Each structure stands twice: as structure tokens, then as C-alpha cells.
Amino acid sequence: MVNTIFSRPEAHRDIFTHYCPGCTHGITHRLVAEVLDELKIRERAVGIAPVGCAVLAYNYFYCDFAEAAHGRAPAMATGIKRARPDLIVFTYQGDGDLASIGMGEIIHAANRGEKITVIFINNAIYGMTGGQMAPTTMPNQRATTCPFGRDVNVAGYPIRVAELLSNLVTPSYVARVTASIPSQIPNAKRALRKAFQYQIEGRCFSLVEFVSTCPTNWGMSPIKACGWAQSDMLPFYKLGVYKTPDDPIPDAVRPREVKK
Amino acid sequence: MARILMKGNEAIGEAAIRAGCRFFFGYPITPQSEVPEYLAKRFPEVGGVFTQAESEVAAVNMIYGAACTGTRVFTSSSSPGISLMSEGVSYIAATEVAVVIVNIVRCSPGLGGILPSQGDYWQATRGMGHGDFRILVLAPASVQEAANLIGLAFDLADKYTNPVMVIGDGIIGQMMEPVEFPEMTDPKSFKEKPWALTGAKGREPNILTSLFLDPDVLEAMNQRLLKKYRQMEATEKRWEEYNISDHMDLLVFAYGTMSRISKTAIDELKQEGIKVGLFRPITLYPYAYEAASALIEKADKLISVELSTGQMIDDVRLASKGREVAFFGRQGGIVPTPEEVKSEFLKLVKS
């Protein structure tokens, strides 16, 4: 008699991966799928895939899915959620998609307090297009469009999305986690659970930033890539919960009664 | 139902509600801002959801998202805003979901001006966005017709699961005219859309995408779209004929506001014994070439009259099969008077 002691979550399809060896997309996909199962929301979930390595995310998740234009997933999610507030809507976006071309959409979706969940993969580089500089690329980090390293005098410093969004007054849940350190994976899953839970309760916008790796475009082995994420990214992209919907609203902007 | 005196843009908003639409996403831009303003106030009365987007880029992707759930949804904008939406419209057309887009056209390229124009004809009928696709384009010539065509636009969008544009020059949006609306359509009365994103409960997941990396699959998608466009061309051509006779001195081609100014000129010339007919396309795509060709055979001379430097004239030429087509147009937001148009017609007839 053989007992199954480990299997795929129902929300994850049985499929060969197209992601590169050592890429943390796979772990993150699995964590999202586990949370969809555990919260029993797979049957009312709608995911939105970005343009980037996760463009084919719908091949992995066993739930309804849409594919957005580059950077526009939060706008599309807004349309879906406003039309069908009963659905659980999540986007899955990389750093080029979310923090470069889609910066307008993410800030305003967060600021409107759209009741959606955003999974943000920050690996400090464009993956699918072949290793170009991202808004999150570290100073002096090499990429194909900054072959001598990111020059902060012409490209500025990397953008910290979790910090940026947590400055908005509108209540939200913003956390930064990583799946590139095994001991951190339970924390990452807890943050995802929390993010979806807030949406289920209709409370707030939620975003979980994953400090991730890109062994292929960083030119490192998977082990070295995980090490580099720890040594070079985490000191700047600090892990933690940046904002919760319980944070106080400044008195100056507390809504006054509106005369009808 | 009684007739109400109403501004074109507000009538467009009300007509959408009557058509069972409860979702609007848009961004302010003159001369269409009364559409979002009207809906922001009116939607709460009928359980509609109004959303002011941060940009036209966001707005078009919001209607894309809402349309993926199968609901009726629309946006409105004006020329520069429509340019920003064009990327999204391409995605919507490729994904094959239903949306309505209203373009209250303003003048000239760039920031141009806020006065009326018909300078977006090419954009609407030819180059709405990247790739190989078509959108249905409806052009009203009055506030009443704008209201009627909004209802039709939602029906056609659902019928073809395709974007439909209602295009009016700035005058159509800004002027007030009496309008009568149809009865309310219940948003719950529409057929279920089995392809919609509604949660994969008791069924396989639905995936709505415009990405097809396999060339064979992608070509099949192009061919499927083409078949749909051919069907639109076979069944959806709409036009109006005015003062047509078997032997016309002149046949005028005009749409929207220019068709009404032309009609005044035509009526006056009729008194003077000069026979001028009008062909007014109501669908700019598909253009009723065959109907136009049949009228062209009955006319000595042809002219296209537009609030542009000459865009619809391309379609008139296609219908005329090589005959010479004269052109008269004003730009910059200047709308010619009936006298000005009449003297152009007269000059051409007598030349």
C-alpha cells in the first residue's frame, strides 16, 4: 500500500515548468496555489498574468485567468473586481511590469484601495526579454542595457515598491518576503495568506513583494543567486510588513461629513 | 416616453444605462467630460458603478477587465485619449470580449484644440491599434441618433464579442437636442457568457488571453477574426440616402454634423432646381461601398465633405471605382456654414 504524503495543490496544474532551473517563480506559484486551496477560494479566483516570465502563469494555476497588457494588470483587476466584487482577484507581476511600465496602474490601484491582491516578483532584472536593467536593478549591477553596471547618475537608484506603496494613506496590506531562503518560505506563505484573507474580508488592497532570483540573467548558479539575493538585495530590500489596514489615518485627511 | 432636451454627452450616458450597462471607467477630457460627470451622478440611482481612472491607458484596461466577466461596460474619451486607449483596444479585439468606446472627436493632431472635428476617421476605421483587427464604428448625426446608436453598439458588441466605437464630432457631444430614450433593459436579462471569468466552479478554468506563441494557432485566430469581420461587412452596413434621384448633378458624401449642414445646402439648391443627393454612412466600418456605388452611377459629380483634410474620401474613392471625387473640408475646429457648403456645391456643379 502506497500512501500519498505530498502532492500538488488543486489550484496548481500538473505541468512541466518552463521556468529556468533555480528560478523562484516555481516556489512562489506553489505557495499561491496552496493558499488558494487552504482558503478555499480557487473556485472564485481570477488571476491576471503580466508580461514577463510569468506571462504564461495561467498554464500553472487551475483557476480562471486573464492575460493583461504589459503593466496593466492592476487596471484589469480593477475592472474585474468592480464588476464582480464576489470574485477573488489577484495579479502576478514582475518588476519591469509593475515598477516600470505599470507604475501608474499599481500606485493608483493601491491608492483607490482596490480589493485585489498583488504578488510582486522583484528579481532586480528583466527576465523574459533577456536581462535588461529594471527599476529595481542594484547600483553597479550589470544588465544587458547597463553592461558596465547600473550607473546611479543616469539611471537613479533602485525603487523600493513596498516602501513606496506603504506611504499611501489609503489602508492596505504591504509586505516584503523572500522565497530564496528556505527558512523564510513559511513567512512568505503567511504573508500571502494574510493578503488574500484581507481581500476575502473586503478590507483592503494587498501586495506581497517577493525578493527573487534570476540565475540565468544574473549569470549565476541557482545557489550563488540565492546567496547574492541575501548578500546584495536583502540589506536594501528589507523583509517585513510595511503596512497593515489597521495603521492610523492622519487626522488632517479624515473624511468630513459630506452635505448631500 | 416623453422627449427630453438633453446635451449629447449626457444622452450618451443615459442611453448606456437604458441598454443595461452598469459599469463605466473613464478619464476626463474635453469635449466629452459630461459623460463621466453624468454617470458619476446618475449611476448610484440605478446600481451602476462609476470609476474615474488615473489615465485613458488605465481606463481601457479597466473596461477590458470588466468585459472579461461578461458584463456590459463602456468608456468615453476624445481624440488624444483614444490614442492612449488604442493599445488596449487591440488587446480587447484579440481577446474577443465586448466593449463600447465613445469618441467625441476634437481637432487636429497633437494636443490640437477642443473644437469639433472629424479628424479621427482613419484612426477609427483603419489604424485603431497594432495588429490585424477591426472595430465596428457607428457615427450619429444627432443627439437622438447618438442615443439610438449607443443601444445598438452594446448589442453589436455582444453579438460579435468585439469593440464597437460610437464616434461623434464635438458638436454631437456638446449640443442640446430633444431625445427620447427606450425603456430600461434589465442587466440581468442578458444571456450567460460561458467564456467569461466568473470563477471556475464546477467547470474547467476559463482563460482569456491574446497571446498565442504557436504560429499555426495564431494564424487560425487571425482567420477566425477575419471571418467575423466578413460577417460584419455582410450584415452590419448602415447608411442614409437623402434627396436621391435618377440623375443627380452632384452626390455629396458626409457623416455626422457635416451631413446635417450638407442637407441644409441641398434643400436650398433644390429650390434653385439643382439636384444634389446625399449619401450618409452611419457605419464608418463597415462602409456601405455597394450602396454608395449604386448612387454614384446616378450622379455627374462627387464630393466628400468633412471636418478634416480628407479622410473619408478614401472610402468614397473605393466606392467610386476610379471616378474623380472632389473634396471640401475645414479644419482647426472651424465648422463651415450651410452657405459656405452651398457655394462649394454650386461651384462644382457649374465647373
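Scroll up for the structure.
Model, not experiment: these values are computed from the prediction. (Residues numbered from 1 in each chain as written. Chains lettered and ligands numbered in written order. Predicted model: local features only at pLDDT ≥ 70, side-chain atom pairs only at ≥ 80, totals over all residues. Heavy atoms only, no water.)

## Regarding the sheet that holds strand S14 (residues 299-306) of chain B
Residue and element names in this part refer to chain B.
Right, on to step 1. Here we have five strands laid out as an open sheet, ordered S10-S12-S11-S14-S15, and mixed in their pairing. Edge positions in the sheet fall to strand S10 (239-242) and strand S15 (326-329), since each has one partner strand and no second. Taking each pair of neighbouring strands and ignoring which way they run, the sheet shows an average axis angle of 20°.
Right, on to step 2. Sheet topology note: the strand S11 (residues 248-253)/S14 ladder contains five bridges and is parallel. Across the sheet, Leu251 pairs through a bridge with Leu302, a residue of S14.
Right, on to step 3. Across the sheet, helix H9 (residues 257-271) touches S10, S11, strand S12 (276-281) and S14, and the angle it forms with S12 is around 165°.
Right, on to step 4. Contacting S10, S11, S12 and S14, helix H10 (residues 289-296) crosses the sheet at an angle of about 160° to S11. (Pairing = 2+ DSSP bridges. Helix = DSSP H or I, 4+ residues; strand = E, 2+ residues; numbered from the N terminus. Axes fitted to C-alpha atoms, helices over the stretch in contact; angles between N-to-C directions. Contact = heavy atoms within 4.5 Å.)

## Remarks on the layout of surface pockets
All names here are of chain B.
Right, on to step 1. Counted as a void, the largest pocket has a volume near 480 Å³.
Right, on to step 2. Lining the largest pocket are 17 residues, and of these Thr69, Gly70, Thr71, Pro187 and Phe190 lie nearest its centre.
Right, on to step 3. Split by residue class, the lining of the largest pocket holds five nonpolar, five polar and seven charged.
Right, on to step 4. Considering only enclosed or pocket space, the second largest pocket measures out at about 320 Å³ in volume.
Right, on to step 5. For the second largest pocket, the lining is made up of 22 residues, of which Cys107, Ser108, Pro109, Gly119 and Asp120 are closest to its centre.
Right, on to step 6. Those elements giving two or more residues to the lining of the second largest pocket turn out to be helix H4 (79-95) and helix H5 (121-125).
Right, on to step 7. Take the lining of the second largest pocket: its biggest share by element is three residues, from H4.
Right, on to step 8. Residue composition of the lining of the second largest pocket, by class: six nonpolar, 13 polar and three charged. (1 Å grid on protein atoms, 1.4 Å probe; cavity = no way out; pocket = protein on both sides within 12 Å on 5 of 7 lines; lining within 4 Å. Points joined across faces, edges and corners; volume = space filled by probe spheres on them. Nonpolar A, V, L, I, M, F, W, Y, C, P; charged D, E, K, R; others polar.)

## Quick notes on the pattern of salt bridges
Pairs may arise between side chains of opposite charge once their charged atoms sit close together.
Right, on to step 1. Using the criterion set out here, one finds 42 salt bridges over all chains in the structure.
Right, on to step 2. Its salt-bridge partner being Asp158 of chain B, residue Lys193 of chain B comes within 2.9 Å of it at the nearest N-O pair. Within this pair, whereas Lys193 of chain B is found in the loop between strand S8 (176-179) and strand S9 (207-208), its partner Asp158 of chain B is found in helix H6 (residues 143-160), the two being separated by 35 residues in sequence.
Right, on to step 3. A relative accessible area of 18% means that Lys193 of chain B is categorised as buried.
Right, on to step 4. A salt bridge links Lys159 of chain B to Glu236 of chain B; the shortest N-O distance between them is 2.7 Å. Taken together, the positions of Lys159 of chain B in helix H6 and Glu236 of chain B in the loop between helix H8 (215-235) and S10 put the pair 77 residues apart, joining distant regions of the chain.
Right, on to step 5. What makes Glu236 of chain B buried here is its relative accessible area of 2%.
Right, on to step 6. Within this structure, Arg30, Glu34, Glu38, Lys189 and Arg193 of chain A form a network of salt bridges that share partners. (Salt bridge = Lys/Arg side-chain N within 4 Å of Asp/Glu carboxyl O. Buried < 20%, exposed > 50% of the residue type's maximum accessible area, 1.4 Å probe, protein only.)

## Overview of the packing of aromatic side chains
Right, on to step 1. The final tally for this structure, using the stated rule, is 18 aromatic pairs over all chains.
Right, on to step 2. With a centroid separation of 4.7 Å and 65° between ring planes, the pair formed by Trp218 of chain A and Trp228 of chain A is classed as edge-to-face. Taken together, the residues Trp218 of chain A in helix H8 (residues 215-218) and Trp228 of chain A in helix H9 (residues 222-233) connect sequence positions ten residues apart. By the burial criterion, Trp218 of chain A is buried, and Trp228 of chain A matches it.
Right, on to step 3. Relative to Tyr289 of chain B, the ring of Tyr287 of chain B lies with its centre 5.3 Å away and its plane at 40°, an arrangement referred to as tilted.
Right, on to step 4. Here the guanidinium or amino end of Lys263 of chain B rests over the ring plane of Tyr242 of chain B, the centre of that ring lying 5.0 Å away. (Phe/Tyr/Trp six-rings, centres within 6.5 Å; stacked < 30°, edge-to-face > 60°. Lys NZ or Arg CZ within 6 Å of the ring centre and 35° of its normal.)

## Description of the sheet that holds strand S6 (residues 205-211) of chain A
Right, on to step 1. Strand order in the open sheet made by the eight strands is S7(A)-S5(A)-S6(A)-S4(A)-S3(A)-S1(A)-S2(A)-S9(B), with mixed pairing throughout. Across the chains shown, the open sheet's two edge strands, defined by having one partner strand only, are strand S7 (240-243) of chain A together with S9 of chain B.
Right, on to step 2. The pairing of strand S5 (residues 172-178) of chain A with S6 of chain A spans seven bridges and is classified as parallel. The partner of Val177 of chain A across the bridge, within S6 of chain A, is Phe210 of chain A.

## Concerning the pairing of strand S2 (residues 23-26) of chain B
Residues and elements named next belong to chain B.
Right, on to step 1. With burial as the criterion, each face of S2 is covered, one bearing Phe23 and Phe25 and the other bearing Phe24 and Gly26.
Right, on to step 2. As paired strands, S2 and strand S3 (residues 49-52) are joined by four bridges and run parallel to one another. Pairing of Phe24 across the sheet is with Phe50, part of S3.

## A look at empty space enclosed by the protein
Vacant regions in the atomic arrangement are exposed by a probe of water-molecule size rolled over the atoms.
Residue and element names in this part refer to chain B.
Right, on to step 1. The full count for this structure, using the stated rule, is two cavities of 30 Å³ or more.
Right, on to step 2. Taken as a whole, the largest cavity spans an internal volume of roughly 40 Å³.
Right, on to step 3. Along its surface, the largest cavity is lined by Ala124, Thr125, Arg126, Gly127, Met128, Phe133, Arg134, Ile135 and Tyr285.
Right, on to step 4. Split by residue class, the lining of the largest cavity holds five nonpolar, two polar and two charged.
Right, on to step 5. For the second largest cavity, the calculated volume is near 40 Å³.
Right, on to step 6. Around the second largest cavity sit Val105, Ser117, Gln118, Pro140, Ile167, Gly168, Asp169, Tyr255 and Gly256, which together line it.

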